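# A closer look at the structure
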Amino acid sequence: MHDTSPQTAAGKVLWHFSMSLDGYVAGPGHRMDWMPEATNRPGLIEEYVQTTGAVLGGRDGWDAFPDAGAVYGGDWSGPVFVLTHHPEDAEPADGVTFLSCDVAEAVQIARQAAGGKNVEVLSPTIGRQLLERGLLDEMDLHVLPVLLGDGVRLYDDPGGTPVPLEFCNGDPVEEVNLRYRPLGRVGG
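Report on the accompanying structure.

This next bit is on the pattern of salt bridges. Under the definition given, this model contains eight salt bridges. Its salt-bridge partner being D63, residue R59 comes within 2.9 Å of it at the nearest N-O pair. Residue R59 and its partner D63 are located together in helix 2 (residues 59-64), separated by four residues, close to a single helical turn. The salt bridge partner of D89 is R59, with a shortest N-O separation of 3.0 Å. Of this pair, D89 sits in the loop between strand 4 (80-83) and strand 5 (96-99) while R59 sits in helix 2, placing them 30 residues apart in sequence.

What follows is the structure, encoded as structure tokens:
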């Protein structure tokens, strides 16, 4: 298995998340205090800062973290779009546009604002909808060495059918082998 090649600003619609080994992108109530100190490839964050032109998120995530200036630790700035069924009760924020439209229209708006760079989708629900409609170009996942057991899943589609994926940094159908050792329970 090889590390992914550097991210490019190719106008992609990119579903991007760090997640637990058991598939959660946030803890219960969108908590993020579970994220361990993790290392990543040198320059990874800078790649995303340079290649991201706009962010598209959902209302639940926004309500949990209403700070557009916190994207990539404050190193990135640009247009943030929050797709919601009830924009009228959203607290206005600089650089944030609340949209109440179809997910395909929201992606078009974000793509236009991204100016040829990537649109990062930071919402499990929106990502699933884009995947279902064939509007997602790529998924970029960073698996962290922790099990949550509860929270917000990356992909939640009870009763759905399997979605085949192509592995981009190796054999397209390669099984990825991860080996971990338990360190004990936190708070246990």
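Counting across every chain of the model gives two aromatic pairs. A ring pair is formed by Y48 and Y72, whose centres lie 6.0 Å apart and whose planes are at 20 degrees; its orientation type is stacked. Residue Y48 is found in helix 1 (residues 44-51), and its partner Y72 is found in the loop between helix 2 and strand 4; the two are separated by 24 residues along the sequence. Each member of the pair, Y48 as well as Y72, carries the same accessibility label: buried. Consider the rings of W62 and F98, whose centres lie 6.0 Å apart with planes at 75 degrees: the pair is edge-to-face. Note that W62 is positioned in helix 2 and F98 in strand 5, a separation of 36 residues in sequence.

The rules behind each value
- Positions within a chain are numbered from 1, following the residues in the order the chain's sequence is written.
- Two thresholds apply to this predicted model, a pLDDT of at least 70 for residue-level local features and 80 or more for giving and counting side-chain atom pairs, whereas whole-chain, interface and lining totals are computed over all residues.
- As a rule here, side-chain values cover all heavy atoms of the structure and leave hydrogens and water aside.
- What counts as a salt bridge is simple: a side-chain nitrogen of Lys or Arg found within 4 Å of a carboxyl oxygen of Asp or Glu.
- Working definition: helices are DSSP H or I runs of at least four residues, strands are E runs of at least two. Numbering for both runs from the N terminus.
- Here is the rule: rings of Phe, Tyr and Trp (six-membered ring for Trp) pair when centre to centre is within 6.5 Å. Planes less than 30 degrees apart are stacked, more than 60 are edge-to-face, and the remainder are tilted.
- Partly exposed residues are those whose accessible area sits between 20% and 50% of the maximum for their type, while under 20% is buried and over 50% is exposed, using a 1.4 Å probe and protein chains only.

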